[in-house]
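Architecture at a glance
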Number of protein chains: 2
Amino acid sequence: MKTINTRRSIRKYSDKEVSEELLSRLLTEAARTQTMGNMQLYSVVITRSDEMKAKLAPAHFNQPMVTQAPVVLTICADFNRASTWCRCRKAEPGYDNFLSFINAASDALLYTQTFCNLAEEEGLGLCYLGTTVYMPQMIIDVLGLPKLVMPVATITLGWPDENPPLTDRLPLASFVHSETYHDYTPADIDRYYAEKEALEENREFVKINNKETLAQIFTDIRYTKKDNEAMSAGMMEALKRQGFIG
Amino acid sequence: MKTINTRRSIRKYSDKEVSEELLSRLLTEAARTQTMGNMQLYSVVITRSDEMKAKLAPAHFNQPMVTQAPVVLTICADFNRASTWCRCRKAEPGYDNFLSFINAASDALLYTQTFCNLAEEEGLGLCYLGTTVYMPQMIIDVLGLPKLVMPVATITLGWPDENPPLTDRLPLASFVHSETYHDYTPADIDRYYAEKEALEENREFVKINNKETLAQIFTDIRYTKKDNEAMSAGMMEALKRQGFIG
């Protein structure tokens, strides 16, 4: 994983295909990731057809990567397969509850990240779409996900056709705590966020949006309370329809 | 990541220390993982003291790795730091909702898995404790986690002192779907689970537990409906107390 220190999200892809053989190998290797009770509580829906990409795009706010990438992967928390297995084996599954969603979502996300690490090491470029959990019902309908299957991550994948700059990260001390959690004082915040706030691109971002601070870009534009609350309700509703919440 | 095909969870560790320098490097490198809006919505609490390990152990059903491992990492979904930043910058954070928990938990789990892949490539051994979400309130109390911080993963870490056999995995076809989700027929289940059910260790497991099928081990002993429902309620309650659910 020598690539880790130079990784960046890739949103533009060349015309070169991602072969079925390579994709299958990476998807297989990623399954070595630890999983709850060795149940592998995830499924991956592979989208290659233009028609299906076009159907998925609105759920991702029509970000161009969805239709431009040769491959789109929707990774799902999946307790349907394990529950079907149980019912075929004289066992009564009890996985229609919130904890089981969290367990399956964890399995799915850990699997996803090993896949990302492997794909990037192979030279592939990818973008993780956080939008997957914004309007999950649309994705559920498009992909035909049955009960106890819930989309949790989307990856657009292809060979890179751009080389964007590395993005900044907070210093280690800002997110690591020794023995117990030490809450943040205003002085801590100043120290930890100074570099991010001083970046030319972020200062420009604040200016063109007519804001006073970078944080206001997040609270007032990118991730607002109103949107978060509406999407929380949508996510809960989808979890109910998928059978994970009573 | 040549190690991926031979990885196994390690539950016994040698006396050799995990140096602060190595741990810091791996925790820093893992932060290259993609993160929502580059907010890095996670925190890591490092436990090295015997006293704190002993306090954490009951939350993990006293699995011996917790007290035996030189290092225990509790990775948390954290919207507290970002929200504190907002409040220090004349911005009103709106992250006290369920979607924000899902976003932060995703960030935390993706970060966790890159860390695991890096650590294993370094030769370290680790075990992922799924028990973190079983009784989260105990962990919250022991580590002093404030509102908008929720533990989602625990890693016990050290230099391996065992070399357990590789565990089985389902075939790729069982968890990959092309274009849309194809639900499982009883014949699919037979085909996909045949190898797992035929394993000598699993047959023995069924026998000594006086069960008819391997699936019954999961539904009747390891992950019962009753336990799942009780722990779902506990998880929801903890999410409320941490401010992620109204």
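Residues numbered from 1 in each chain as written. Chains lettered and ligands numbered in written order. Predicted model: local features only at pLDDT ≥ 70, side-chain atom pairs only at ≥ 80, totals over all residues. Heavy atoms only, no water.

Per an unreviewed UniProt entry, chain A goes by the name Oxidoreductase and belongs to Xylanibacter rarus. Of chain A, the UniProt comment under Sequence similarities (unreviewed entry) reads exactly: "Belongs to the flavin oxidoreductase frp family." (UniProt positions renumbered as here; feature names shortened; annotations may be inferred.)

We now examine the sheet that holds strand β5 (residues 176–178) of chain A. In spatial order, the strands read β5(A)-β1(B)-β2(B)-β4(B)-β3(B); together these 5 strands make up an open sheet with mixed pairing. Across the chains shown, the open sheet's two edge strands, defined by having one partner strand only, are β5 of chain A together with β3 (125–129) of chain B. Here the average twist between neighbouring strands, direction ignored, is 25°. Sheet topology note: the strand β2 (residues 71–78) of chain B/strand β4 (residues 149–158) of chain B ladder contains 8 bridges and is antiparallel. (Pairing = 2+ DSSP bridges. Helix = DSSP H or I, 4+ residues; strand = E, 2+ residues; numbered from the N terminus. Axes fitted to C-alpha atoms, helices over the stretch in contact; angles between N-to-C directions.)

Inspection of the secondary structure assignment puts Q34 of chain A in the loop between α1 (20–30) and β1 (42–47). Overall, the relative accessible area of 7% leaves Q34 of chain A in the buried class. Polar contacts involving the side chain of Q34 of chain A include one to the side chain of Q113 of chain B, which spans 2.8 Å. (Buried < 20%, exposed > 50% of the residue type's maximum accessible area, 1.4 Å probe, protein only. Polar contact = N/O pair within 3.5 Å; in protein donor to acceptor, adjacent residues only side chain to side chain.)

This part covers the interface of chain A and chain B. Chain A puts 110 residues into the contact, and the matching count from chain B is 110 residues. Summed over both partners, the interface of chain A with chain B buries about 10,000 Å², with 59% contributed by carbon and sulfur atoms. In terms of surface lost to chain B, no three residues of chain A exceed R32, W85 and E179 of chain A, which account for 9% of the buried area on that side. Here chain A and chain B share 8 salt bridges between them. Note that D96 of chain B and K225 of chain A form a salt bridge whose closest N and O atoms lie 3.1 Å from each other. At the junction of chain A with chain B, the criterion picks out 79 residue pairs in polar contact (both at pLDDT 80 or more). The greatest single-element share of the side of chain A that touches chain B, amounting to 16 residues, is contributed by helix α5 (residues 98–121) of chain A. (Contact = heavy atoms within 4.5 Å. Buried area = accessible area lost by both parts, 1.4 Å probe. Salt bridge = Lys/Arg side-chain N within 4 Å of Asp/Glu carboxyl O.)

Quick look at the UniProt feature "domain: Nitroreductase" (unreviewed entry) in chain A now. This chain's UniProt record puts "domain: Nitroreductase" (unreviewed entry) on residues 4–159 of chain A. Regarding residues 4–159 of chain A, the helix share stands at 40% and the strand share at 19%, and the terminal C-alpha atoms are separated by 17 Å.

What follows is about helix α10 (residues 214–222) of chain A. When α10 of chain A is considered as a whole, its buried residues turn out to be L214, A215, Q216, I217, F218 and T219 of chain A. Packed against the buried residues of α10 of chain A are α8 (186–198), α9 (200–208) and α11 (225–241) of chain A together with α4 (80–87) of chain B.

With that settled, consider the side chain of N38 of chain A. For N38 of chain A, the position within the fold is in the loop between α1 and β1. Non-local contacts of N38 of chain A, meaning those with residues more than four positions away in its chain, are made with T167, D168, R169 and K196 of chain B.

In terms of nonpolar packing, the biggest core is built from 182 residues, with F101 of chain A together with F101 of chain B touching the most fellow members. Contact partners of F101 of chain B, with chain neighbours within four places excluded, come to I102 of chain A together with A77, M150, V152, M235, L239 and F244 of chain B. (Core = buried A, V, L, I, M, F, W, Y, C linked by side-chain atoms within 4.5 Å.)

A word on the relation of the copies chain A and chain B. Relating one copy of the chain to the other takes a rotation about an axis and a shift parallel to that axis. Note on the copies: chain A fits chain B at an RMSD of 0.0 Å, the axial shift is 0.0 Å, and the rotation between them is 180°. Expressed as an axis order, the relation between the two copies is that of a two-fold axis. A share of 100% of interface residues in chain A that are also interface residues in chain B marks the association as one of identical surfaces. (Least-squares fit on C-alpha atoms with pLDDT ≥ 70 in both.)

Next up on the list: empty space enclosed by the protein. For the coordinates displayed, the defined rule picks out 5 cavities of 30 Å³ or more. Put simply, the largest cavity is a space of about 120 Å³. Forming the boundary of the largest cavity are 13 residues, of which I102, A105 and L109 of chain A together with I102 and A105 of chain B lie nearest the centre. Contributions of two or more residues to the lining of the largest cavity are made by α5 of chain A together with α5 (98–121) of chain B. (1 Å grid on protein atoms, 1.4 Å probe; cavity = no way out; pocket = protein on both sides within 12 Å on 5 of 7 lines; lining within 4 Å. Points joined across faces, edges and corners; volume = space filled by probe spheres on them.)

This brings us to the pattern of salt bridges. Residues and elements named next belong to chain A. Applying the stated criterion across every chain, the model contains 28 salt bridges over all chains. Note that K211 is salt-bridged to D220, the shortest N-O span being 3.1 Å. Here the salt bridges share partners, and the residues they tie into one network are E17, E20 and R48.

Another point: the packing of aromatic side chains. Going through the model one piece at a time under the given rule, you end up with 25 aromatic pairs over all chains. With a centroid separation of 6.0 Å and 85° between ring planes, the pair formed by Y181 of chain B and Y184 of chain B is classed as edge-to-face. The class of Y181 of chain B is buried, set by a relative accessible area of 7%. Through a chain of ring-to-ring contacts, the aromatic side chains of F98, F101 and F244 of chain A together with F98, F101 and F244 of chain B assemble into a single cluster. Against the face of Y192 of chain A rests R191 of chain A, its NZ or CZ located 5.0 Å from the ring centre. Stacked on the ring of W159 of chain B, the Lys or Arg K16 of chain B has its end atom at 4.1 Å from the ring centre. (Phe/Tyr/Trp six-rings, centres within 6.5 Å; stacked < 30°, edge-to-face > 60°. Lys NZ or Arg CZ within 6 Å of the ring centre and 35° of its normal.)

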